[in-house]
Amino acid sequence: MSTKGEMTREQAVAMVGEVAVDKVERENCDFTNRVQCDGDTRVESSASVSCQDADGNDVTLTAYYYIEQADLDANEDNSLDVFDWKIEGYEVV
């Protein structure tokens, strides 16, 4: 599986603090258009915020979400509200 953001919530909090993690969790996510080329059938979405890490460096915190392509295709009303937008992982760059 080609999942980005393998950092846990606890690791993200330790790196950038609870405030930044709470903020990215409230952001709307959007499709990344990243091509999954390893047989992974999920579609990737992400949300990002600018923040500072524990050392005071300016960084970007990103939360990643994944939904099966088949579930998107079967969504007849085209509403994205029907999906469980669970964060799969975080990344700090």
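Provided above is the structure to which this section pertains.
Nothing here was measured: the structure is a model prediction, and the numbers come from that model. (Residues numbered from 1 in each chain as written. Predicted model: local features only at pLDDT ≥ 70, side-chain atom pairs only at ≥ 80, totals over all residues. Heavy atoms only, no water.)

Student: Explain helix α2 (residues 18-26) to me, using residue names and the numbers behind them.
Tutor: Those residues of α2 that sit buried are A20, V21 and V24. One side of α2 carries all its buried residues, which in axial view fall inside an arc of 100 degrees. Exposed residues pointing more than 90 degrees away from the buried face of α2 are listed as V19 and R26. The inward-facing, buried residues of α2 contact α1 (9-16), β2 (42-52), β3 (58-68) and β4 (87-92). (Buried < 20%, exposed > 50% of the residue type's maximum accessible area, 1.4 Å probe, protein only. Helix = DSSP H or I, 4+ residues; strand = E, 2+ residues; numbered from the N terminus. Arc of directions from axis to C-beta. Contact = heavy atoms within 4.5 Å.)

Student: Would you mind going over unusual backbone geometry in detail, with residue names and values included?
Tutor: Trans peptide bonds make up most of the peptide bonds, and negative phi angles are found at most residues other than glycine. Despite not being glycine, N33 shows a phi value in the positive range, around 65 degrees. Within the element layout of this structure, N33 appears in the loop between β1 (30-31) and β2.

Student: Help me get a handle on the pairing of β3, residues and values and all.
Tutor: Burial runs high along β3: eight of the eleven residues are buried. In terms of strand pairing, β2 meets β3 through eleven bridges, oriented antiparallel. Across the sheet, S50 pairs through a bridge with T60, a residue of β3. Taken together, β2 and the strand that follows it, β3, pair antiparallel across an intervening segment of five residues, in which G56 is found at a positive phi of about 85 degrees. (Pairing = 2+ DSSP bridges.)

Student: How would you summarise the nonpolar core if you had to cite specific residues and measurements?
Tutor: Grouped together as the largest cluster of nonpolar side chains are 16 residues, with contacts concentrated most on V16, V24, L61 and Y90. Every element with two or more residues in this core is listed here: α1, α2, β2, β3 and β4. With four residues, the top contributor of residues to this core is β3. The contact partners of L61, leaving out residues within four places of it in the chain, are A12, V16, A20, V21, V24, A47, S48, V49, C51, Y90, E91 and V92. (Core = buried A, V, L, I, M, F, W, Y, C linked by side-chain atoms within 4.5 Å.)

Student: So what about the environment of A70? Which residues, and what values?
Tutor: Examined against the element boundaries, A70 turns out to sit in helix α3 (residues 69-74). Judged by its relative accessible area of 51%, A70 is exposed. When the C-alpha atoms of A70 and R42 are compared, they prove to be 8.3 Å apart, with 28 residues separating the residues in sequence.

Student: I'd love a proper account of the state of the cysteines, names of residues and values included.
Tutor: For the coordinates displayed, the defined rule picks out zero disulfides. For the unlinked cysteine C29, the closest cysteine sulfur is that of C51, found at 18 Å. For C29, a relative accessible area of 23% gives the class partly exposed. With a relative accessible area of 14%, C51 lands in the buried category. (Disulfide = S-S within 2.5 Å.)

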